[in-house]
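Spelled out, the chains give:
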Amino acid sequence: MPPNFPLTLVPKPAFLSPSSLPRQSASEVLKLVGVGVVGLTLGIEWLRWLRRRLKPAARVTEVLFFPCDSSCVERLYASGDASKQPCPCGISHGVKDDSFSRLLTHLLSARVSLDVCVFSFSNMELSRAVLHLHNRGVCVRVIIDRDYMYITGSQIGVLRRAGVCVRHELSRAVHMHHKFAVVDGRLLVCGSLNWTMTAVQSNQENLLVTDDVAVVAPYRAQFQRLWDANDPARHQGVLPTHDSHQKGRARNGGPKMFKPRDWRSEEEEKRKSEELGQEAGEGRL
């Protein structure tokens, strides 16, 4: 015999008539619609941001070879409608992606900082790009070799007069022979190219452009190390030479220490400048 269960009566749901619903004013309805639209917009923007974060960034890897024929680069400095106007100069406009134009494009992409570490710097167009960035508010730092900043046509004086921060190798025992630049701390430009007209238009040279963090990071650290090591304020007394050169100088009876601001006479400076300028003209830079 089935057990007896108590019967429970379920109340019938009441039908809500339109008259029983709370009435809302038109302004309240508009507020609710507005809040919904704002929430939907914010949700879409958040999804887009999340997609950009999760999507792997496009890698930059490019190899540039020189020598490179001269071509007009005015379009790289123009903005807006000015970039579409014909250029009155007499230089070829046929090549838009030549190696030198690509180099300038990468350098001019700097928005925050540009660190340049080169052996020789006499190319006026590259100097123009550096000055353009400096005037645009980009933090520009340049490290140059002690002797080769005196070559004929050197742009170091131009940069310093414009207010660009420039330091040179303080040691006479070694040359600062690097040739690289770091753009915004994320993009590396390095290779055999000196920043001279001879190197760009006459020599067989190469440049590698990459944003690989594993490659860029050591160059950033090396630049900062050289920048700190060649701070004149840190060498008010004497400056030791490189260890390997100290031993050689000691064996030859020379001093192991020297003053960093060991200025030459005007005649020696002129002779040194002429010798280095001749080397640059012969393509040995």
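Use the structure listed above.
Residues numbered from 1 in each chain as written. Predicted model: local features only at pLDDT ≥ 70, side-chain atom pairs only at ≥ 80, totals over all residues. Heavy atoms only, no water.

A. Quick peek at the overall build of the protein. Helix and strand counts for the protein stand at 9 helices and 9 strands. Look at the contacts in the protein between residues 6 or more apart in sequence, and 73% of them connect residues 24 or more apart. In the structure as shown, the protein presents an accessible area of about 18,400 Å², 57% of it carried by carbon and sulfur atoms. (Helix = DSSP H or I, 4+ residues; strand = E, 2+ residues; numbered from the N terminus. Contact = heavy atoms within 4.5 Å. Areas by Shrake-Rupley, 256 points an atom, 1.4 Å probe, with all protein chains shown as cover.)

B. Geometry of the nonpolar core. F66, F100, L103, L114, F121, L159 and W195 are the most contacted members of the largest nonpolar core, which totals 39 residues. Residues within four places of W195 in sequence aside, it is in contact with L107, V116, V118, S120, F121, S122, N123, L126, V130 and A181. Grouped together as the second largest cluster of nonpolar side chains are 11 residues, C117, F180, C190 and W227 included. (Core = buried A, V, L, I, M, F, W, Y, C linked by side-chain atoms within 4.5 Å. Buried < 20%, exposed > 50% of the residue type's maximum accessible area, 1.4 Å probe, protein only.)

C. Structural detail: the pattern of salt bridges. Across all of its chains, the model carries 7 salt bridges by this definition. Where R48 meets E45, a salt bridge forms, and the shortest distance between an N and an O atom there is 3.3 Å. Of the two residues, R48 and E45 both sit in helix α1 (residues 26–54), 3 residues apart, roughly one turn of that helix. Residue R48 is classed as partly exposed on the basis of its relative accessible area, which comes to 47%. On the accessibility criterion, E45 (38% relative accessible area) is partly exposed. (Salt bridge = Lys/Arg side-chain N within 4 Å of Asp/Glu carboxyl O.)

D. Representation of empty space enclosed by the protein within the structure. Enumeration over the complete set of coordinates arrives at 1 cavity of 30 Å³ or more. Considering the residues around the largest cavity, the lining is formed by K179, F180, A181, V189, L193, W195 and L207. Of the residues forming the lining of the largest cavity, the biggest block, 3 residues, is contributed by strand β5 (residues 179–183). (1 Å grid on protein atoms, 1.4 Å probe; cavity = no way out; pocket = protein on both sides within 12 Å on 5 of 7 lines; lining within 4 Å. Points joined across faces, edges and corners; volume = space filled by probe spheres on them.)

E. Region of interest: the packing of helix α3 (residues 99–108) against helix α4 (residues 124–135). The geometry of α3 relative to α4 is characterised by a closest axis approach of 10 Å and an angle of 20° between their N-to-C directions. Put simply, α3 runs roughly parallel to α4. At the point where α3 passes α4, the crossing takes the right-handed sense. For the pair α3 and α4, contact is made by F100, L103, L104, L107 and L108 and by E125, L126, A129, H132 and L133, respectively. Among the residues forming the contact of α3 with α4, the class breakdown is 8 nonpolar, 1 polar and 1 charged. (Axes fitted to C-alpha atoms, helices over the stretch in contact; angles between N-to-C directions. Parallel < 35°, antiparallel > 145°, perpendicular 65-115°, else oblique. Left-handed = near helix turned anticlockwise from the far one by under 90°. Nonpolar A, V, L, I, M, F, W, Y, C, P; charged D, E, K, R; others polar.)

F. Broad picture of the sheet that holds strand β4 (residues 165–168). Strand order in the open sheet formed by 7 strands is β1-β7-β6-β5-β2-β3-β4, and the pairing between neighbours is mixed. Two strands bound the open sheet, and with one partner strand each, they are β1 (61–66) and β4. Going from strand to strand, the sheet's axes swing by 10° on average, the running direction of each strand aside. Contacts from α3 reach β1, β2 (113–118), β5, β6 (187–191) and β7 (205–210) within the one sheet, and its direction differs from that of β1 by about 135°. (Pairing = 2+ DSSP bridges.)

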